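Architecture at a glance
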Amino acid sequence: MDSSVYVFVEDLRGEGVERVLDRISGYGVSGITVGAVHHASRDVTPHGLSRLTLRHDGAHFTPPPELFQGLRLSPVPGYLDALDGVREECAKRSMKLHGWTVFLRNATIGTKHPDVTVRDCFGDRGSLTDLCPAHPDAREYAVALARAVARLGVDSVVAESLHFRPLKPQRSFVPLGPMDAYLFGLCFCDYCMRRATDLGVNAEVARDECARIVGGVFDGDPAAQGEVTRAALTAYAGPDVVAYARARSETVTTLVSEVASAVAGEGSKLVFIDSTGAVKGYTDGLPTPGLAAHDAWQFGVDLVALGDLVPAFGVLAYARDAARVADDVGAYLRSVGKDREVRAVLRPGYPDSDSADRLVAKARGAKAAGALAVDFYAYGLVPHPVLDRIPAALAEAP
């Protein structure tokens, strides 16, 4: 069974490329998925050069300048030599190299060019980390970035944040319910409004309804409870808001199609990952009830449409329960088509896996549900004894 371990460039810089690859290949893993373009974060790294690693927005290679010539947005320089020799060292070990690419999550670009970021129903641009998938400059940047990573000679470009993202305030002492937070997170920039209007949606009514509902909660109205579903959203916010939310899928589908074509044109393939599984279970491994494939529409992801355009998908199966992992993988395959490659991304330790047996059960469940690969997230974030569970998981999912 195909497999990989997600690796950060800081892992390679801190421990050395050969040492990291020797350890990972010793697990029986087929390859690595390395963070070629990543977002800023602050992570506990138990066996890193630093035990608390501060990551910055950055592309960790030198992009071909001609790809970004004339474009308004360009990659933020990271550790430009971080991937030097990695492809060759992978080849020596008969390992695949996948280029993990974070596309539209970049606070450095958003701060420099706030007009390319999402704008909420009140007209505020309070999420400078989130570039809007509808903005032409962001779309051109995403396509050029995909080409640049593909030219590294990777076996695939693994796409993260190539869709709308949920609202994530650092602090909120207003008890927003799930539906209120969803409405507050919808983008109403000029390009999103125009695309929705072109599809026959009354975008201004949708924006005004969102502002009215969320503004009411700010003023003391009770927050809406319950999961975000299309039926519940229709009852709560009205058909215009639901139609507006649906229209976002055209934005994402066309963007992903352009990126997939660009990657294929460079001789690689796209692996598309939507963040729904992470949103549901990232914190505690106890995802909310709806399956990720069924709720991906909330971020503009139409899996049925993408199934005709994208060759491979990564399922963020962040769950403690093996049955839930199998259900998520199965739902993805029913949506994208049985002939598509689906890769289950598992966390081998906390908070999802408290033992090797639990990880084995999840790998087995993913394979039984139709996954063609199991990937493990992530090398630098978990202790070595936890990584040592990987061989048993692969042995049960050959």
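Residues numbered from 1 in each chain as written. Predicted model: local features only at pLDDT ≥ 70, side-chain atom pairs only at ≥ 80, totals over all residues. Heavy atoms only, no water.

The secondary structure content of the protein amounts to 18 helices and 13 strands. Against the compact-globule benchmark of 21 Å for 398 residues, the protein has a radius of gyration of 21 Å, which places it among compact chains. With the C-alpha coordinates of the protein rotated into their principal frame, the extents come out at 60 × 50 × 40 Å. Counting only residues that meet the buried cut, the protein has 57% of its 398 residues in that class. Residue pairs at least 24 apart in sequence account for 77% of intrachain contacts in the protein once pairs closer than 6 positions are excluded. Only carbon and sulfur atoms are counted for the fraction: they give 51% of the accessible area of the protein, which is about 16000 Å². (Helix = DSSP H or I, 4+ residues; strand = E, 2+ residues; numbered from the N terminus. Rg over C-alpha atoms; globule rule 2.2 N^0.38 Å. Buried < 20%, exposed > 50% of the residue type's maximum accessible area, 1.4 Å probe, protein only. Contact = heavy atoms within 4.5 Å. Areas by Shrake-Rupley, 256 points an atom, 1.4 Å probe, with all protein chains shown as cover.)

Attention now goes to the nonpolar core. Ranked by internal contacts, the top residues of the largest apolar core, which has 123 residues, are Ile24, Ile32, Phe103, Leu183 and Val259. No other element matches the twelve residues that helix H11 (residues 239-265) contributes to this core. Excluding its chain neighbours within four sequence positions, the residues that come into contact with Ile32 are Ser4, Val5, Val7, Leu21, Ile24, Val86, Cys90, Met95, Lys96, Leu97 and His98. Grouped together as the second largest cluster of nonpolar side chains are 14 residues, Phe8, Leu316, Tyr377 and Ala378 included. (Core = buried A, V, L, I, M, F, W, Y, C linked by side-chain atoms within 4.5 Å.)

This paragraph deals with the pattern of salt bridges. Within this structure, the stated rule accounts for 27 salt bridges. Between Glu341 and Arg343 there is a salt bridge, with the nearest N and O atoms lying 2.8 Å from each other. Across the pair, exposure class does not vary: Glu341 and Arg343 are buried alike. The partner of Asp352 in a salt bridge is Arg347, with the nearest N and O atoms 2.6 Å apart. Judged on exposure class, the residue Asp352 and its partner Arg347 are both buried. (Salt bridge = Lys/Arg side-chain N within 4 Å of Asp/Glu carboxyl O.)

The residue after Tyr350, namely Pro351, is reached through a cis peptide bond having omega 0°. A cis geometry characterises the amide bond from Tyr377 onward to Ala378, with omega recorded as -5°. As for its placement among the helices and strands, Ala378 is situated in the loop between strand E13 (373-376) and helix H17 (384-387). One non-glycine residue with positive phi stands out, namely Ser94, at about 55°.

This part takes up helix H2 (residues 17-26). Looking at H2, one finds that the buried residues are Val17, Val20, Leu21 and Ile24. Seen end-on, H2 carries its buried residues on one side only, within an arc spanning 95°. Opposite the buried face of H2, at more than 90 degrees from it, the exposed residues are Arg19 and Gly26. (Arc of directions from axis to C-beta.)

Moving on, we get to the side chain of Arg324. Secondary-structure assignment places Arg324 in helix H15 (residues 322-336). Only 3.1 Å separates the side chain of Arg324 from the backbone oxygen of Thr288, close enough to count as a polar contact. Setting aside anything within four residues of it in sequence, one finds Arg324 in contact with Lys280, Pro287, Thr288, Pro289, Gly290, Leu291, Ala292 and Ala319. (Polar contact = N/O pair within 3.5 Å; in protein donor to acceptor, adjacent residues only side chain to side chain.)

To continue, consider the environment of Asp357. Secondary-structure assignment places Asp357 in helix H16 (residues 356-368). Among the residues examined, Asp357 registers a relative accessible area of 63% and is labelled exposed. Along the primary structure Asp357 and Arg389 are separated by 32 residues, whereas in three dimensions their C-alpha atoms are 8.6 Å apart.

Moving on: the pairing of strand E1 (residues 2-7). Of all six residues in E1, six are buried; the element is thus mostly enclosed. What you see with E1 is no split at all: Asp2, Ser4 and Tyr6 on one side and Ser3, Val5 and Val7 on the other are buried throughout. Relative to E13, E1 runs parallel, the two being bridged by four bridges. Bridging from a neighbouring strand, Val5 pairs with Phe376 of E13. Inspection of the sheet shows E1 paired to strand E2 (residues 31-38) by four bridges, in the parallel sense. (Pairing = 2+ DSSP bridges.)

Over its 15 residues, H15 extends 21 Å from the first C-alpha to the last, a length consistent with the 21 Å expected when each residue adds 1.5 Å. All buried positions along H15 are accounted for by Arg324, Val325, Asp328, Val329, Gly330, Ala331, Tyr332, Leu333, Ser335 and Val336. Considering only its buried residues, H15 is in contact with helix H12 (276-281), helix H13 (292-295), helix H14 (303-306), strand E11 (312-316), strand E12 (341-346) and H16. Positive backbone phi, at 110°, marks Gly337, one or two positions downstream of H15. (Expected span 1.5 Å × (residues − 1).)

In terms of burial, E11 is largely enclosed, as five of its five residues are buried. Of the two faces of E11, the one carrying Ala312, Gly314 and Leu316 and the one carrying Phe313 and Val315 are both buried. Examined bridge by bridge, strand E10 (residues 270-273) and E11 share three bridges and lie parallel to one another. Note that in E11 the partner of Val271 across the bridge is Ala312.

Before going further, it helps to examine the packing of aromatic side chains. Counted according to the given criterion, the structure contains 13 aromatic pairs. Centre to centre, the rings of Phe8 and Trp100 are 5.3 Å apart; their planes meet at 50°, and the pair counts as tilted. In this pair, Phe8 is assigned in the loop between E1 and helix H1 (9-15) and Trp100 in strand E6 (residues 96-102), connecting sequence segments 92 residues apart. You can call Trp100 buried: its relative accessible area is 3%. (Phe/Tyr/Trp six-rings, centres within 6.5 Å; stacked < 30°, edge-to-face > 60°.)

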